[in-house]
Amino acid sequence: MAQVADEFHKVIDQLEDGHELHDKDTEPDAHGQGGYRFDSPEHQQQLKEQRAQLWSWLKRVGSHMFKEGINLTKISLPVCLFEPRSFLERLTTNWEYNSLLVAAARCADPVDRLRFIIAFAVSGLCRQVSFHKPFNPILGETYQAIYPNGLEVYCEQISHHPPISSWELYEPNGAFVFYGNGNWVAGIKGNSVKGRQTGSNCVRFASDGATVVYELPGLQVKGVLWGVRVLKYSGQMVFKDTKNDLQAFIDVDPPAPSAGFLSGWFRAKKAPAHKPDQVVGRIMQGDTVLDTCHGSWLHYLEWDKGVSSAGAAAASAAAGAGAAASNANRRLWDIRTSRLIPAVPLENPLPSDCRHRNDVVYLKAGDQIQSQEWKQTLEEQQRKDRKLRREGGCSFDH
């Protein structure tokens with residue numbers, strides 16, 4: 001423990017003096033291992049400013065962060081790490097390729113529909129790439145917005161501990177509703193953060209009453225305190241349509257296969273080389289594989305068979321003007337050509353809307369000092385409210 005503490009204070013001293021730590025002194029560079037790299041000149045300047053403010057916070061946290069890790073959902077973080085919006089508003093960014101949901105609702109074939117939903121879920125991963133984290137919502141906080149194509153979205157924070165956000169996204173003619181809840185679990189240990197949005201994502205369709213349910217993969221951010229900052233997703237996404245007996249298994253950034261000399265030599269002759277950030281998966285009905293997919297969470301998702309002729313029109317509409325017509329029924333999402341449809345917040349929302357929060361308002365105005373003070377004030381108010389609920393006999397923290 002003494003050695004860990006010595007290393008911790010060495011890190012703090014260098015941060016306080018304004019020095020950058022380098023990967024060669026700590027952990028390997030992530031270059032060549034995939035992920036989204038925050039290495040632009042703008043990002044480098046932001047990193048320098050952000051890390052210069054972290055040392056005082058780290059002194060309060062203590063050296064056990066390097067050895068034991070810390071649950072980031074249970075401690076107060078400095079506002080230099082935040083973007084000026086709440087997690088509720090940030091959620092709607094994940095769904096900006098929602099034309100894929102609209103296309104799914106137009107499909108009569110449930111397999112075609114599932115192909116579009118998987119493309120929608122994978123496309124949202126690259127929309128979560130952000131240099132800063134959003135503010136944790138306060139219990140009862142809300143957010144309302146509408147997408148230019150008419151989709152309406154409503155979000156609310158329904159639990160304080162654990163922090164759970166709930167949402168519903170409606171198609172104006174009732175063709176589908178996308179709903180669910182998310183609980184962010186995250187922890188920092190050493191120079192990296194690992195996290196995951198747990199909870200169910202559900203899409204219910206009016207045409208046959210079927211519901212597709214899925215979960216998101218985990219992520220890791222390396223280079224939090226020193227070195228190159230890189231964000232990577234990994235894990236398996238499972239999709240279920242119980243009504244139509246369909247399942248899909250999508251592996252995000254699966255590990256490279258390990259094998260002995262002979263088996264590895266034979267595999268190399270048959271399979272393509274492993275690529276970081278790749279997405280591979282299959283749709284199944286019982287024991288039968290109906291289709292397989294490949295791609296990258298940073299770039300595209302393509303089905304090997306593709307949607308049927310009946311779903312081709314929906315695929316073309318969702319693909320965007322720059323997509324190749326000959327490939328539109330297989331490559332359902334491509335970051336270069338697919339259309340982004342950002343949400344527009346309502347002009348007169350509820351008083352509980354997250355945009356009214358003073359810590360968010362001040363940070364958006366560039367005043368970190370006032371933002372930090374208001375963040376601490378709101379956190380203290382939440383603790384008092386939670387105590388009152390307990391004293392009143394509330395057995396759950398909703």
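The rules behind these values
- In every chain, residue numbers begin from 1 and rise along the written sequence.
- Reporting of local features is limited, given that this is a predicted model, to residues whose pLDDT is at least 70; pairs of side-chain atoms are given and counted only at 80 or more, and all residues count toward the totals for whole chains, interfaces and linings.
- Values reported for side chains reflect all heavy atoms of the structure, with hydrogen atoms and water molecules removed beforehand.
- Per the convention used, a helix needs a DSSP run of H or I reaching at least four residues, while a strand needs a run of E reaching at least two, with both numbered from the N terminus.
- Multiplying one less than the number of residues by 1.5 Å gives the expected span of a helix.
- Only protein chains enter the accessibility calculation, which uses a 1.4 Å probe. A residue is then buried if its area is under 20% of the maximum for its type, exposed if over 50%, and partly exposed in between.
- Identification of polar contacts relies on pairs of N or O atoms within 3.5 Å, with a donor-acceptor requirement for protein atoms, meaning one able to donate a hydrogen and the other able to accept it, and with residues adjacent in sequence counted only if both atoms are side-chain atoms.
- In what follows, salt bridge is the name for a side-chain nitrogen of Lys or Arg lying within 4 Å of a carboxyl oxygen of Asp or Glu.
- Buried residues of nine kinds, namely Ala, Val, Leu, Ile, Met, Phe, Trp, Tyr and Cys, make up a nonpolar core once their side-chain atoms join them within 4.5 Å.
- In what follows, a contact means two residues having at least one pair of non-hydrogen atoms within 4.5 Å.
- Strand pairing is assigned whenever DSSP detects at least two bridges linking the two strands.
- By the counting rule applied here, Lys and Arg register as positive and Asp and Glu as negative, while His and the ends of each chain are not counted.

- Where an unreviewed UniProt entry is consulted, the protein chain appears under the name Oxysterol-binding protein, with the organism given as Volvox africanus.

### Structural notes on helix α6 (residues 110-123)
Thinking step 1. When the terminal C-alpha atoms of α6 are compared, their 20 Å separation across 14 residues agrees well with the 20 Å that a helix rising 1.5 Å per residue should span.
Thinking step 2. Counting buried residues in α6 gives 14 out of 14 residues, a clear majority hidden from the surface.
Thinking step 3. Sitting at the head of α6, D109 places a side-chain oxygen 3.0 Å from the backbone nitrogen of V111.

### A closer look at the pattern of salt bridges
Thinking step 1. Tallied over the full model, the rule gives 20 salt bridges.
Thinking step 2. A salt bridge links R196 to E215; the shortest N-O distance between them is 3.5 Å. Here R196 is found in strand β9 (residues 192-198), whereas its partner E215 is found in the loop between β11 (211-214) and β12 (218-222), with 19 residues between them in sequence.
Thinking step 3. Judged by relative accessible area, E215 falls into the partly exposed class, the value being 38%.
Thinking step 4. Across the pair E379 and K375 runs a salt bridge whose closest N-O atoms are separated by 2.7 Å. Of the two residues, E379 and K375 are both situated in helix α10 (residues 368-391); the distance of four residues between them amounts to about one turn of the helix. The exposure classification of E379 matches that of K375, with both residues buried.
Thinking step 5. Within this structure, E302, R330, R331, D334 and R336 form a network of salt bridges that share partners.

### A word on the nonpolar core
Side chains of a nonpolar character, in soluble globular proteins, are inclined to be buried together.
Thinking step 1. Counting 81 residues, the largest nonpolar core has F116, I118 and F239 as its most contacted members.
Thinking step 2. A total of nine residues in this core trace back to one element, the largest contributor, which is α6.
Thinking step 3. Ignoring anything within four residues of it in the chain, the contact list for I118 reads F239, A248, I250, I283, L301 and W303.

### Here we look at α10
Thinking step 1. Compared with an ideal rise of 1.5 Å per residue, which puts 24 residues at 34 Å, α10 spans 35 Å between its outermost C-alpha atoms and is within 8% of the ideal.
Thinking step 2. Residues of α10 that are buried include every one of S371, Q372, K375, L378, E379 and Q382, and no others.
Thinking step 3. Structurally, α10 contributes buried residues whose contacts are with β3 (82-86), β4 (133-135) and α9 (358-364).
Thinking step 4. The backbone nitrogen of I369 has a side-chain oxygen 3.3 Å away, supplied by the residue at the start of α10, namely D367.

### Quick notes on the pairing of strand β8 (residues 176-189)
Thinking step 1. Here seven bridges tie strand β7 (residues 164-170) to β8, and the two strands are oriented antiparallel to one another. Bridging across to β8, E168 finds its partner in Y179.
Thinking step 2. Where β7 folds back onto β8 in an antiparallel hairpin, the turn is made up of five residues, including G174, whose phi is positive at roughly 80 degrees.
Thinking step 3. Taken together, the five bridges between β8 and strand β10 (residues 201-205) define a ladder with antiparallel strand orientation. Of the residues in β10, the one forming a bridge with G180 is N201.
Thinking step 4. Direction of pairing for β8 relative to β9: antiparallel, over a ladder of seven bridges. Considered in β9, the bridge of V185 is made with R196.

### Notes on the pairing of β7
Thinking step 1. In this structure, strand β6 (residues 152-159) lies alongside β7, joined through seven bridges in antiparallel fashion. Directly across from E152, in β7, lies its bridge partner Y170.
Thinking step 2. Counting the residues in the hairpin turn of β6 and β7 gives four residues.

### Quick word on the environment of G174
Thinking step 1. Within the secondary structure layout, G174 lies in the loop between β7 and β8.
Thinking step 2. When the C-alpha atoms of G174 and A206 are compared, they prove to be 6.8 Å apart, with 32 residues separating the residues in sequence.

### A closer look at the side chain of Q50
Thinking step 1. Checked against the element boundaries, Q50 lands in helix α2 (residues 41-61).
Thinking step 2. The class for Q50 is buried, based on a relative accessible area of 3%.
Thinking step 3. At 2.9 Å, the side chain of Q50 and the side chain of R229 are in polar contact.
Thinking step 4. If we ignore the near neighbours within four places in the chain, the residues touching Q50 are C80, L81, F131, H132 and R229.

### Notes on the side chain of E89
Thinking step 1. Topologically, E89 is positioned in helix α4 (residues 87-93).
Thinking step 2. No salt bridge is formed by the buried E89; the nearest opposite charge belongs to R85, separated by 5.0 Å.
Thinking step 3. Contacts of E89, omitting those with residues within four sequence positions, involve Y143, C354 and R355.

### Some details on unusual backbone geometry
Thinking step 1. For the peptide bond that leads from H161 to P162, omega is 0 degrees, which places it in the cis range.
Thinking step 2. Within the secondary structure, P162 is located in the loop between β6 and β7.
Thinking step 3. Located in the positive-phi region is D253, a residue other than glycine, with phi close to 50 degrees.
Thinking step 4. One can find D253 in the loop between β14 (246-252) and α7 (261-270).
Thinking step 5. On the accessibility criterion, D253 (14% relative accessible area) is buried.

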